[in-house]
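In case you want the letters, here they are:
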Amino acid sequence: MFDRFLVVVNPASTKSKRMERRIAELRNLFPDLPVTRVETPRDGPAATAALLEKCNAQLGPRTLICIGGGDGTINAVVQALLSDSKVTDKARRSVVLPWWGGNANDLACMINGPDPDIPLTTLFRRGHVLPIKPLQFRITNEGDETQCRLAATTASFGATALVAKRLNDPAHRRSWLHRVPGGRFMHEARTAWMTVMGAPLFKAEDASGIRNMYEYTFANGPRFAKIYRIPTQINKEQFYFNSIASKWPVITATKLSLSLRRKSRPENLRTQMSFTVHDAIWAQFDGEPMPVPAHAHIEVTISPQPLFVLSSVINTEAGRDG
């Protein structure tokens with residue numbers, strides 16, 4: 001199925017040691033095929049794009065890009081692979097296999113199940129190449145400067161984006177609690193709860209008019225933030241949209257949680273929408289936080305460029321041979 005492998009490793013990921021064992025497993029499984037290991041740079045998405053540009057000659061439909069990192073690392077690779085102008089059309093047809101190298105691992109779990117220790121032999125035996133369409137966000141500020149952000153699985157504006165920012169803060173990530181069994185979960189839960197309780201409202205304008213909002217949530221598959229189950233499928237060209245327009249003390253976090261678990265209505269499943277935020281807020285794309293300035297206009301669509309992934313659990317006729 002594949003002639004070569006490019007392994008993109010985030011050495012700072014929470015499962016970095018497991019990723020090195022995966023690389024050894026891959027090399028033992030395919031001793032006659034080239035396996036190139038590269039590390040993600042620390043200078044952000046632009047540096048990741050430059051990394052993929054250097055690998056253009058190695059990329060294509062017969063190349064499997066294994067990602068040894070979390071959802072943020074996956075987002076950086078997807079953003080560069082699908083939107084960077086210096087990445088060739090042939091390179092964009094490379095196939096992506098996210099390993100369970102981070103905290104939430106939403107994409108890995110959606111396309112290959114929740115077991116992080118599943119043998120690679122099983123993945124290759126059951127797997128087929130599946131095209132999926134990420135979410136696309138065109139964000140235009142008051143100066144008419146536009147940037148395009150992709151999200152393979154989830155994005156949000158408001159409360160949960162602020163949670164992503166707090167969880168990504170260096171002080172949080174370096175906490176001694178993360179070295180204690182069960183400490184990471186408890187620390188993350190407390191941080192998330194306190195952030196959700198304190199998240200401010202923001203003024204937004206959409207098809208319903210101008211109103212105070214608490215949260216806009218977008219999901220491109222059935223999993224959000226590793227615990228919520230969303231009523232949509234990742235290989236369908238539509239996304240799940242949910243909004244919360246009010247905030248109440250004490251029950252706010254519960255309301256947010258329940259809103260992500262309810263069954264979808266026709267108005268929750270969309271292919272496009274747009275809105276304007278009149279206050280400066282935070283957004284997150286696959287868990288990667290980003291500030292959004294006041295009066296920015298956001299257009300949400302399905303990306304015209306597919307991302308090809310190796311999936312062993314999604315049955316579809318949409319797959320293609322490598």
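First things first, this report covers the structure right here in the doc. (Residues numbered from 1 in each chain as written. Predicted model: local features only at pLDDT ≥ 70, side-chain atom pairs only at ≥ 80, totals over all residues. Heavy atoms only, no water.)

## So, the sheet that holds strand β17 (residues 281-285)
We apply this condition: Strand pairing is defined by DSSP finding a minimum of two bridges between the two strands. Helix and strand assignments follow DSSP, with helices taken as H or I runs no shorter than four residues and strands as E runs no shorter than two, numbered in order from the N terminus.
With antiparallel pairing, the six strands of this open sheet are ordered in space as β15-β14-β11-β8-β17-β18. Edge strands, defined here as strands with exactly one partner in the open sheet, are β15 (269-270) and β18 (288-292). Bridge count between β17 and β18: five bridges; the pairing is antiparallel. Residue pairing for β18: Q284 is matched across the bridge by P289.

## Digging into the packing of aromatic side chains
Selection criterion: Any Phe, Tyr or Trp ring, taking Trp's six-membered ring, that has another such ring centre within 6.5 Å forms a pair; planes under 30 degrees apart are called stacked, those over 60 apart edge-to-face, and the others tilted.
Within this structure, the stated rule accounts for 17 aromatic pairs. With centroids separated by 5.2 Å and ring planes inclined at 65 degrees, the aromatic side chains of F137 and F285 adopt a geometry described as edge-to-face. Taken together, the residues F137 in strand β6 (residues 135-140) and F285 in strand β17 connect sequence positions 148 residues apart. By way of ring pairs, the aromatic residues F137, F157, F202, Y216, F218, F239, F241, F275 and F285 are connected into one cluster.

## Notes on the sheet that holds strand β19 (residues 296-302)
What counts here: Convention adopted: a line fitted to C-alpha atoms gives each axis, helices being fitted over their contacting stretch, and angles between N-to-C directions are expressed from 0 to 180 degrees.
Judged by pairing direction, the sheet is antiparallel, and its six strands sit side by side in the order β7-β6-β19-β16-β9-β10 without closing on themselves. Each edge of the sheet is formed by a strand with only one pairing partner; in this case those strands are β7 (146-151) and β10 (209-213). With direction set aside, neighbouring strand axes in the sheet form an average angle of 25 degrees.

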